[in-house]
Structure formats: structure tokens, C-alpha cells
There are 2 protein chains.
Amino acid sequence: MKAKRLSGALPISDAARQFGLRSSALRYYEQIGLLRPIPRTNGQRCYDEAALQRLAVICAARQVDLSLEEIAGLFARLRGGTPVDQGWRELSTRKIAELEQLKQQISKAQDSLRRLQNCRCSSIEMCGEKLRARVGNKS
Amino acid sequence: MKAKRLSGALPISDAARQFGLRSSALRYYEQIGLLRPIPRTNGQRCYDEAALQRLAVICAARQVDLSLEEIAGLFARLRGGTPVDQGWRELSTRKIAELEQLKQQISKAQDSLRRLQNCRCSSIEMCGEKLRARVGNKS
DNA sequence: TTACGCCTTCAAGTCGACTTGAATGCAAGC
DNA sequence: GCTTGCATTCAAGTCGACTTGAAGGCGTAA
């Protein structure tokens, strides 16, 4: 049987597809405790509504660049009694700031690249000579 | 002797420090062929001016988020006869665009995070339910 | 009955850029 | 002569988030 589902529970391949993931990723999430043990039928995982909802949260969190560890941390805090909104707010605020910093670093890198674009050196050694004059004199 | 240097050649530790790297990184660069074999004295590497210049280029490139592979590719093209300025220009142009895309992705992530900041869900499952309504219905 | 397709577990592999550890060597200073 | 300090090589480990491979199970279709 392809999917004898009681009340909309999905086999792993369907659950994975619904979120654009591979089955192995779902097994991995379960293995590291990010998803609590998925109920089995005939030894095969059946993803029920609750599991799919948690999975949706994990996916959304991954898409905004949260690490699995950060997500696990959030879940742990919620289990510890922290209200959902507060948990998200703190995590989001921190992450938004982190990403802002990252964007600034990227902008700086772009500036440097634009300078390199105007390179008129005749050899890579001359390039290095010029660079050495400014960069990396931590001696 | 700490550093009996002929004409300013440096031992690995000094060369590394000058660029804020560890000795192991320099050995690694040499090992993968990014730096050509460094001349030895008593079996110990002596970084001469040319080596330091190449190292400066590698460092500068790393700082603007170029991978070692990209740097190696650039060096290879230069050995192949491509003029220095053209090599940099092509690589920089591509990389600047890549980084621009990356910044856009980050901005999107920040937008999503700001939405999560306003989360009023009473449980993580409700959160997942809402998210499922929009996100990840690739079925 | 046999094949097919999807599932399972567990261990190991992947990627990039290094780092770390073990075993060893060599030069200087006491 | 011994210790100190930096050097060497080579193999293996690290990090995060998975993926892959091997070996096997279960249910259905031909």
C-alpha cells in the first residue's frame, strides 16, 4: 500500500515533499531530538498533524537562517514555559541584528572588490606588494 | 637563532602573524598548491618577498569572500597568460553580483523574522498551523 | 514466486578550510 | 648534555546539516 493513512497522517516521503526536504532530513531531525519520536505503523513513520506543524516551524526557521541548534533552543525554552511570542521575539531580534552585521560585512567586501576591479597591476606580485602596504600588517 | 633571515625572509610563524593567520594555514596553502613550494633552510620554510606578496593576495581575496578554489582559479588563469587586471575584473564582477544576491536573501530573511517577531500564537503548534497555510506546500 | 518500491537502521561519507596530535628534528642557551 | 622552543611530516579530527550506502523488511502487483 502506498499510503494507508488514518486521519491524514503521511508517510515520510510525502511529509518530506510537502516541505521540500528529503526523507533523510526528517529522520535526522528526529534523531537529534528536534522532532519528537514519530509514531510508527508497521515500523514506518506516520507524520500526523502535530508533527507536520512542528516541521513547518522548523522549515520556516531554517529559511530565516536559524541553525538547528537555535531552533532546538527555542523549543526547549517553550517546553520550559516561555510564552511562544516572547520566545520568537527574543530569537528574532537577535538574529535580525546578526544578519544586519552580516550584510554590512558583505557590503565592505563588495567595496573592496570594486577596488580590485580597478586593478592596473602588471603582475600578481605587484598586486601583492600594493596590498601588503595596507593590508595585514599585524606584526 | 630565532630568525636568521637573509634579505628579509621570514620563518613561518612570522609570516603567519603578519597576515593574522596560523602557521598551519600557510602549510595548508602550500600543500594544496595555492602557494608554490617555499624554499627551505635547514628544512624550515623561509618566506621571501615574492611568497609574502602572493600570500597578501590570498589574504585579500579571502577577506572578500573568495574561496581558495576561486583564488587558485585566478592564479591558474594568470599563469595561462590572462592579464592581471582582466582576471580580477571578471572574478570581482561575478563575486559582487553573487554577494548582492546574498544580501537580498538576507533581507528577505529579516523581513520574515520581523513577521515572526509579531507572533501572537499561543502554542508552537498553532504557529506551525499558520505557517503551513503559506509555507512549503510543494505537494 | 518473484520482483518492485518504499520503508527501516546504523555507520560512514561529504563539503571547505583549516586545526590538532603524534612523533621527530634541529639550533641555541645554560 | 639537557632543556626550550620552534620547526617538520602525516594522518586524522572539527564543524553543521545532512546524504549515502549497505543490508534488510514489508506489502502489493504480475
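Note that the coordinates shown come from a computational prediction; the quantities given were computed from them, not determined experimentally.

Engineer: Help me out: how do you make sense of the protein's contact with DNA strand C in this one?
Structural biologist: With respect to spatial proximity, 19 residues lie near DNA strand C, and among them Ser13(A), Arg45(A), Ser24(B), Ser67(B) and Leu68(B) are the closest. Elements supplying a minimum of two residues to the surface near DNA strand C: helix H1 (12–18), helix H2 (23–31) and strand S3 (44–47) of chain A together with helix H2 (23–31) and helix H4 (68–79) of chain B. Broken down by class, the residue content of the surface near DNA strand C amounts to six nonpolar, eight polar and five charged.

Engineer: I tried to follow the packing of helix H6 (residues 124–134) of chain A against helix H3 (residues 49–63) of chain B on my own but got confused; where do I start?
Structural biologist: Between two packed helices, the angle of one axis relative to the other and the distance separating the axes together describe the packing. Two elements in contact, H6(A) and H3(B), have axes whose closest approach is 7 Å; the angle formed by their N-to-C orientations is 75 degrees. Here H6(A) lies roughly perpendicular to H3(B), going by the angle between them. Listed contacts from H3(B) to Ile124(A), Glu125(A), Cys127(A), Gly128(A), Glu129(A), Leu131(A) and Arg132(A) of H6(A) are Ala50(B), Leu52(B), Gln53(B), Arg54(B), Ala56(B), Val57(B) and Ala60(B).

Engineer: In this structure, what is going on with the protein's contact with DNA strand D? I would like to understand it.
Structural biologist: In the neighbourhood of DNA strand D, 19 residues make up the surrounding shell, with Ser24(A), Ser67(A), Leu68(A), Ser13(B) and Arg45(B) lying closest. Listing elements by their share of the surface near DNA strand D, those giving two or more residues are H2 and helix H4 (68–79) of chain A together with helix H1 (12–18), H2 and strand S3 (44–47) of chain B. With three residues, H2(A) is the single largest residue contributor to the surface near DNA strand D. Each residue belonging to the surface near DNA strand D can be placed in one class, and the counts come to six nonpolar, eight polar and five charged.

Engineer: How do you make sense of the sheet that holds strand S2 (residues 40–41) of chain B when you look at a structure like this?
Structural biologist: The strands making up a sheet are joined through hydrogen bonds of the backbone, oriented either antiparallel or parallel. Residues and elements named next belong to chain B. Sheet architecture is open: three strands sit in the order S1-S3-S2, paired in antiparallel fashion. Each edge of the sheet is formed by a strand with only one pairing partner; in this case those strands are strand S1 (10–11) and S2. In terms of strand pairing, S2 meets S3 through two bridges, oriented antiparallel. Counted as the bridge partner of arginine 40 is arginine 45 from S3.

Engineer: Looking at this model, I keep getting lost on the relation of the copies chain B and chain A. Mind explaining?
Structural biologist: Here the second copy of the chain follows from the first by a rotation about an axis and a shift along it. When chain B is fitted onto chain A, the two copies agree to an RMSD of 0.0 Å after a turn of 180 degrees and an axial shift of 0.0 Å. Here the copies are linked by what is in effect a two-fold axis. Closest to the rotation axis within chain B is the C-alpha of Lys103(B), separated from it by 3.0 Å. Comparing interface residues between copies, 100% of those in chain B also lie at the interface in chain A; the contact surface is shared.

Engineer: Just to check I follow, could you spell out the pairing of S3(B) for this structure?
Structural biologist: For a regular strand, the rule is simple: side chains alternate between the two faces of the sheet. Residues and elements named next belong to chain B. Alignment of S1 against S3, held across two bridges, turns out to be antiparallel. Note that in S3 the partner of leucine 10 across the bridge is tyrosine 47. Here S2 hands over to S3 after two residues, with asparagine 42 in that stretch at a positive phi of 60 degrees.

Engineer: How should the confidence of the model for chain A be read in this particular structure?
Structural biologist: Atom-level detail of predicted coordinates should not be read off regions where pLDDT is low. All names here are of chain A. Chain-level statistics for chain A give a pLDDT mean of 91 and a share of 91% at 70 or above. Within chain A, H6 has the poorest average pLDDT of any element, 91, and H2 the best, 98. Of the regions scoring below 50 in pLDDT, residues 1–6 engages in four contacts with residues more than four places distant in sequence or in other chains.

Engineer: In this structure, what is going on with the interface of chain B and chain A? I would like to understand it.
Structural biologist: Of the residues lining the interface, 52 residues belong to chain B; the matching set on chain A comes to 52 residues. Mapped onto the side of chain B that touches chain A, the elements with two or more residues apiece are H1, H3, helix H5 (84–117) and helix H6 (124–134) of chain B. In terms of residue count, the dominant contributor to the side of chain B that touches chain A is H5(B) (19 residues). For the side of chain B that touches chain A, a count of residues per class yields 24 nonpolar, 15 polar and 13 charged.

Engineer: Teacher, can you tell me more about the nonpolar core here?
Structural biologist: A general trend in soluble globular proteins is that nonpolar side chains are found buried together. Ranked by internal contacts, the top residues of the largest apolar core, which has 36 residues, are Ala15(A), Tyr47(A), Leu55(A) and Val57(A). Elements with a contribution of two residues or more to this core: H1, H2, S3, helix H3 (49–63), H4 and helix H5 (84–117) of chain A together with H5 and H6 of chain B. Setting aside residues up to four positions removed in sequence, Leu55(A) forms contacts with Ala15(A), Phe19(A) and Leu35(A). Among the nonpolar cores identified, the runner-up in size contains 35 residues, and Ala61(B), Leu66(B), Ile71(B) and Leu74(B) belong to it.

Reading guide: rules and limits
Residues numbered from 1 in each chain as written. Chains lettered and ligands numbered in written order. Predicted model: local features only at pLDDT ≥ 70, side-chain atom pairs only at ≥ 80, totals over all residues. Near = placed C-beta within 6 Å. Helix = DSSP H or I, 4+ residues; strand = E, 2+ residues; numbered from the N terminus. Nonpolar A, V, L, I, M, F, W, Y, C, P; charged D, E, K, R; others polar. Axes fitted to C-alpha atoms, helices over the stretch in contact; angles between N-to-C directions. Parallel < 35°, antiparallel > 145°, perpendicular 65-115°, else oblique. Contact = placed C-beta atoms within 7 Å. Pairing = 2+ DSSP bridges. Least-squares fit on C-alpha atoms with pLDDT ≥ 70 in both. pLDDT = per-residue confidence, 0-100. Core = buried A, V, L, I, M, F, W, Y, C linked by C-beta atoms within 7 Å. Buried ≥ 20, exposed ≤ 12 C-beta atoms within 10 Å, placed from the backbone.

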